[in-house]
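Residue strings, one per chain:
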Amino acid sequence: MNQLFKRLEDSFGLTAESPRKPDQYFCTVDANKLVACITHLRDNEGFTILTLLTAVDWIEDGKFQLTYLLNNPATKTDLGVRIFIERDNTSMQSIHHLWGHAATFQRELKEMFGIDFPGSPRVDEPFLLEGWDDIPPMRREFDTKKYAEETYFPRPGRETNDPAQYMKQKLYPDE
Amino acid sequence: MILKDILSPFSGWRKVFNEPVALKDPVNDRPGAPRYRGFHKNDISACIGCGTCETICENAAIDLVPVEGIKTKDGDSGLRPRVDYGRCCWCALCVDVCTTGSLSLSNAYIWVSEDSDDYRFTPGVDEKPWQNEPLGWKKPEGDYEFYPLNRVAPPHLHPEERHDSFVEMVKGFSKEQAMSEADRCVECGICTATCPAHMGIPQYIKAIRNDDLEEGLRVLYDTNPLPEICGRICTHKCETVCSIGHRGEPLSIRWLKRYIADQNPSEKYKEILNTGNIEPNGKNVAVVGAGPAGLSAAHYLALMGYSVTIFEALPEAGGMMRYGIPEYRLPYDQLDKDINYILSLGVAIRYNTRVGTDISLEQLHSQYDAVFAGTGLHQGRSTRIEGTNHPHVYQSIELLRKITLGEEIHVAEKIVVIGGGNVAMDITRSLARLQRQKYGKVQIITTSLETEEKMPADREEVVEAREEGATVNPGWAPQKIEIVDGALKGLHVVQCMSLFDSTGKFNPQCNMDVANFFEADMVVESIGQGMDISYLEGNVKDQLTFDPRGRIVVNAQFQSSVPWLFVGGDIIQGPDVIHGIANGHTAAKGIDQYLTSI
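The structure presented is a predicted model; accordingly, all values stated were derived computationally and were not measured. (Residues numbered from 1 in each chain as written. Chains lettered and ligands numbered in written order. Predicted model: local features only at pLDDT ≥ 70, side-chain atom pairs only at ≥ 80, totals over all residues.)

1. Digging into the overall build of chain A
Helix and strand content of chain A: five helices and five strands. When the helices and strands of chain A are placed in sequence order, the string is α-β-β-α-β-β-β-α-α-α. A buried classification covers 21% of the 175 residues belonging to chain A. (Helix = DSSP H or I, 4+ residues; strand = E, 2+ residues; numbered from the N terminus. Buried ≥ 20, exposed ≤ 12 C-beta atoms within 10 Å, placed from the backbone.)

Structure (structure tokens):
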């Protein structure tokens, strides 16, 4: 694996991390070298499977992190390739030409985070959220509680008590 | 339509006689994994209804509801969590944050009911089949904690740095220390009911977390006008019920209060508390005694616009806080900070004026619209054993008063103190300091009827007294002070077996076969104090009602049966500072009610 990272470092300016588990590695590359890097991994290094593609919202840094998790079935090794992209009006090159099912991940990311993948099939169609009319809900500025309170009604018959207030009412109502 | 589409629904019939794939009895055939997060269990006798589970629940699935048979009492709200499984996502944060460890999840995950309301129940109260299921999710042992279980300790002077002087031994928190200690609070508010003054404890701790100490000061003064004092010497009953104390050390509530008061400079108090312009209401009230109760009443009355005059028998204000509590626990400049702020609100004090001698209660009645009396317990009680009339047998409370007044007191080389309360520790530690100053060593034995575990003194007082060289030897009943040719030789004691009889009456039982002798040339009695209410004389006394123990009967506002006379503090409740403060506050509201209604 170290030799692989060395080769990738030279070609793609990659930063490797120490492995979390014996068979799981992570590295970070520049976003504009991502497609070239994973194409190389798929075609020349045996990482033929795209296990998943997911995002993390680093709102404080103004970045989205995308993680492309690849698997090499011959060596039973996972490799997560990470990139960081700008958070605002963001878009990323599609990889549906490498793995067909990447289109589904990309469609999900468009819906949940608002990350666009131009050219990816059906990327603008709703994935889970039919009739969604708010900002993408996985963006961290989305206030889930506020949305739930405005959208749904509480179950009838529920009531609660604040311990301190309840104790006052029971133990010293007049003070 | 092709032939396959027509035939395929029937192809399943081929397998009708095969062994079924579905589990016959999924509940028993497929139990949840040992740490599965299934339905809730709650040990309701351990649960205190602090509501931390409700607060942490991201899905608002938990309500706190009263439960029949569980009483609201100190340290227990009487509420218990009810879970709405329409919202629960089984994350188990409620279990992981639970302050008592009463909440857990069973590994039961299958349950069928046609009534959707069945899926909202109070675990541990509503009978469920998994109630005693041992498996399931419990908070993992080890480092996994949502709040540190151990306190941040404020810096203390080492025994050798403090044992021969009266400098303050506990230093205040730094900002970092206060903020990390405040961060341990889960804001449940269980403590508020136990505090006699019902202080907004979670609110002022939150102010520390937000680094808004001015807001903190406002919260303190809502219920307590002596925060520097209480921040140092309060009996901190709040800490005994702190929910964090169930699994770890309770919050250092007292030191956090002190931190707020210490950090706010006295010259900014009026601005922060918005007390620069108080509109006088034209009425006046006399307060007898400038102790915690009197000062508290004066403070809240002054805020309401009353012109208040305090009559104080001693040369300075503070009562027991000045003349009882030693300076190493409560420095006089901090006492003065609280008192001077109250005086700055327009409260007048007539020092060296003993009501009953220098001015009569009747005179106060004729000059003022109402009177509040908080004269405290300033008379020492004696064991009345043989030998207590020897001149070298003293009352702790008198010695403490003389130390504050700067009067010379007799300090013998060998001293025995009788008493197991905080006052006994105060005199023990004060005399130990004076012995060390005078003789370079400490020879003091403090003994009490109560055993070590049952001594009423705060634990840290006993520990610190020992650190300073005193011997605390509890569990002995004093029998006789040995006097030979007029010289005090020591104290005879026997083992004390129990203090109270089966009816709860004070009736010490001793084992006369186990005797001991504490050598000494001075004995100090510190077994409690009594009140001197001789100023309540004549007509007033005749109209007052006393209970069988000789206490004045007052109503919930501390109004006596003489309508213009309100009474509070140690002579009614306590004895301690915080009850005095609470009484004074309640009485002030009562006086206001009384004077606006007549």
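2. Things to note about the overall build of chain B
Scanning chain B from terminus to terminus reveals 22 helices and 21 strands. Referenced to the eigenvectors of the C-alpha coordinate spread, the extents of chain B come out at roughly 120 × 65 × 50 Å. Per-residue burial for chain B yields a buried fraction of 46% across its 598 residues. Counted over contacts in chain B with a minimum sequence separation of 6, partners at least 24 positions apart contribute 72%. (Contact = placed C-beta atoms within 7 Å.)

3. Notes on the interface of chain B and chain A
Each partner contributes to the interface: chain B provides 21 residues, whereas chain A provides 15 residues. The residue makeup of the side of chain B that touches chain A, split by class, is eight nonpolar, ten polar and three charged. (Nonpolar A, V, L, I, M, F, W, Y, C, P; charged D, E, K, R; others polar.)

4. Quick notes on unusual backbone geometry
Residue and element names in this part refer to chain B. Phi at A92 takes a positive value of approximately 70°, unusual for a residue other than glycine. Of the residues examined, A92 has 21 C-beta atoms within 10 Å and is grouped as buried. Backbone geometry at F558 places phi at a positive 70°, although glycine is not the residue there. Examined against the element boundaries, F558 turns out to sit in the loop between helix 21 (538-543) and strand 21 (565-567). Overall, the presence of 29 C-beta atoms within 10 Å leaves F558 in the buried class.

5. Quick word on the domain arrangement of chain B
Residues and elements named next belong to chain B. By the assigned domains, chain B splits into domain 1 (22-137), domain 2 (159-271), domain 3 (278-378 + 541-597) and domain 4 (381-528). With six residues of domain 3 in contact, the opposing surface of domain 4 contributes eight residues. Classifying every residue of the side of domain 3 that touches domain 4 by side-chain character gives three nonpolar, two polar and one charged. (Domains from an automatic or database assignment.)

6. As for the environment of Q334 of chain B
All names here are of chain B. Within the secondary structure, Q334 sits in helix 16 (residues 332-344). Separated by 27 residues in sequence, Q334 and S307 have C-alpha atoms that sit 25 Å apart. Apart from residues lying up to four places away in sequence, Q334 is in contact with E228 and R232.

7. Details of the nonpolar core
Core analysis: the biggest nonpolar cluster contains 139 residues, and A298, L301, V371 and V523 of chain B have the highest contact counts within it. If we skip the residues at most four places from it in the chain, L301 of chain B touches V285, Y306, V308, A588 and I591 of chain B. (Core = buried A, V, L, I, M, F, W, Y, C linked by C-beta atoms within 7 Å.)

8. Regarding the sheet that holds strand 14 (residues 444-447) of chain B
Residue and element names in this part refer to chain B. In spatial order, the strands read 12-19-13-14-15; together these five strands make up an open sheet with parallel pairing. Looking at which strands have only one partner, the edges of the open sheet turn out to be strand 12 (393-395) and strand 15 (471-472). As defined by bridge partners, strand 13 (residues 415-418) adjoins strand 19 (residues 522-525) across four bridges and the pair is classed as parallel. When the bridges of strand 19 are listed, V416 appears paired with V523. (Pairing = 2+ DSSP bridges.)

9. Regarding the environment of L135 of chain B
Residues and elements named next belong to chain B. If you trace the backbone, L135 turns up in the loop between strand 5 (120-121) and strand 6 (136-137). L135 sits 27 residues away from A108 along the chain, and the two C-alpha atoms are 8.6 Å apart. Not counting residues up to four positions away in its chain, the partners in contact with L135 are P34, S106 and N107.

10. Digging into the sheet that holds strand 21 of chain B
All names here are of chain B. Reading across the sheet, the five strands line up as 9-8-7-10-21 and stay open at both edges, with parallel pairing between neighbours. Both edges of this open sheet fall to strand 9 (348-350) and strand 21, since each of them pairs with a single strand only. Each strand of the sheet is rotated relative to its neighbour by a mean of 20°, with strand direction disregarded. (Axes fitted to C-alpha atoms, helices over the stretch in contact; angles between N-to-C directions.)

11. Considerations on the confidence of the model for chain B
All names here are of chain B. With 100% of its residues at a pLDDT of 70 or more, chain B shows a mean pLDDT of 93. Within chain B, the lowest mean pLDDT, 71, falls on helix 2 (residues 26-29), and the highest, 98, falls on helix 8 (residues 201-209). This prediction of the complex comes with two scores: 0.83 for pTM and 0.87 for ipTM. (pLDDT = per-residue confidence, 0-100.)

12. Topic: the pairing of strand 19 of chain B
All names here are of chain B. By the alternation rule, side chains of strand 19 split into M522 and V524 and V523 and E525, which are all buried. Relative to strand 19, strand 12 runs parallel, the two sharing three bridges. Directly across from V393, in strand 19, lies its bridge partner V523.

13. Examining helix 16 of chain B
Residue and element names in this part refer to chain B. Here helix 16 contains 13 residues, and its C-alpha end-to-end distance of 18 Å stays within 8% of the 18 Å for a straight helix at 1.5 Å per residue. Every buried residue of helix 16 is listed here: Q334, L335, K337, D338, I339, Y341 and I342. On the buried face of helix 16, the contacting elements are helix 10 (227-233), helix 13 (269-273), helix 14 (292-303) and helix 15 (320-323). (Expected span 1.5 Å × (residues − 1).)

14. Notes on the packing of helix 8 of chain B against helix 12 (residues 253-263) of chain B
All names here are of chain B. Following both chains from N to C, one finds helix 8 and helix 12 inclined at 55°, their axes separated by 10 Å at the closest point. Of the possible angle classes, the one that applies to helix 8 and helix 12 is oblique. Crossing of helix 8 against helix 12: the hand is left-handed. Counted together, I201, Y204, I205 and I208 of helix 8 and I253, L256, K257, Y259 and I260 of helix 12 form the full contact between these two elements. (Parallel < 35°, antiparallel > 145°, perpendicular 65-115°, else oblique. Left-handed = near helix turned anticlockwise from the far one by under 90°.)

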